[in-house]
Amino acid sequence: MATDLIEIEVENPYPRAIDRAVCEIERGGVVGVPTDALYVLVADPFNLQAVGRVFGAKGREDIRSLPLAVSDTLMAEDLAKELNSRFYILARHFWPGPLTLIVPAAAKVPLKVTGNTGRLAVRQTNSPALNAMIEKTGRALIATSANLSGEPTVSSGIELFASMDGRIDLVLDGGLCTGPGSTTVDITEPYWRVIKPGAISEKQIAERLQAN
């Protein structure tokens, strides 16, 4: 399988490029997309073959969950079994942006997507390309870091193409994406905790939760 590459403007992606990406997603493909927190691999979470291809592309154990990108809190509510006040406080303040929240998954979410944990990582990104794809498909999409397991997340479309040529179907090349990536916070337990440090500091999260 050869991987295609289409150059896009990050802030104003060409509609034809989005259409092509959505076409790949609809047929079970995997697409590399630039976001506000580095590049991600995008696929349909409700297509188990596509889910398997994401794990395969990353060389990732299927006991780890795959984060989903959503359009808003309403879409997150549809994917979650329940949402606590922490979710609404943090989502209201930091979304769209580089903050991923771990919540209990609804029964409709394939267990394979949750890494068989029953918990789901969700984020509303600030990526025009990814948000356009979510709008066009009408559903949440897998948006997991674009890297081989154990390797750093790539920061450019060319780098992604070089590392995953033949593993994914398409790269939307928006040039260089800089930054530390998304912060991941588990809010399912009595005490919240940062699972993966990123652009938003633990101090910022604590201050926001303590202010409410």
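For the structure, check the block above.
Before going into details, it helps to say that this report is about the structure given with it. (Residues numbered from 1 in each chain as written. Predicted model: local features only at pLDDT ≥ 70, side-chain atom pairs only at ≥ 80, totals over all residues. Heavy atoms only, no water.)

Next up on the list: the overall build of the chain. In terms of helices and strands, the chain carries seven helices and 10 strands. Its C-alpha radius of gyration of 16 Å places the chain within 12% of the 17 Å reference for a compact globule of 212 residues. Dimensions along the principal axes, computed over C-alpha positions, put the chain at roughly 50 × 30 × 30 Å. The buried share among the 212 residues of the chain stands at 50%. Partitioning the intrachain contacts of the chain with sequence separation of at least 6 by distance along the chain shows that 67% fall at a separation of at least 24. When the accessible surface of the chain is summed, it comes to about 9700 Å², and 49% of that surface belongs to carbon and sulfur atoms. (Helix = DSSP H or I, 4+ residues; strand = E, 2+ residues; numbered from the N terminus. Rg over C-alpha atoms; globule rule 2.2 N^0.38 Å. Buried < 20%, exposed > 50% of the residue type's maximum accessible area, 1.4 Å probe, protein only. Contact = heavy atoms within 4.5 Å. Areas by Shrake-Rupley, 256 points an atom, 1.4 Å probe, with all protein chains shown as cover.)

The mixed open sheet is built from 10 strands, whose spatial order is β1-β8-β2-β3-β7-β4-β6-β5-β9-β10. Each edge of the sheet is formed by a strand with only one pairing partner; in this case those strands are β1 (4-7) and β10 (193-196). Contacts from helix α6 (residues 157-164) reach β1, β2 (31-35), β3 (38-43) and β8 (170-173), with the element oriented near 165 degrees to β8. (Pairing = 2+ DSSP bridges. Axes fitted to C-alpha atoms, helices over the stretch in contact; angles between N-to-C directions.)

Next up on the list: the packing of aromatic side chains. This model, assessed by the stated rule, comprises two aromatic pairs. Their ring planes at 85 degrees and their centres at 5.2 Å tell us that Phe 87 and Tyr 88 sit as a pair that is edge-to-face. A relative accessible area of 0% means that Phe 87 is categorised as buried. Ring-pair connections join several aromatic residues into one group, and the members of that group are Phe 87, Tyr 88 and Trp 95. (Phe/Tyr/Trp six-rings, centres within 6.5 Å; stacked < 30°, edge-to-face > 60°.)

Another aspect to go through is helix α5 (residues 128-137). Of all the residues in α5, the buried ones are Ala 129, Leu 130, Met 133, Ile 134 and Thr 137. Projected down its long axis, α5 shows its buried positions confined to an angular sector of 135 degrees, all on one face. Two residues or fewer after α5 comes Gly 138, characterised by a positive phi angle close to 75 degrees. (Arc of directions from axis to C-beta.)

Spatial relationships are all this shows, so hold off on functional conclusions.
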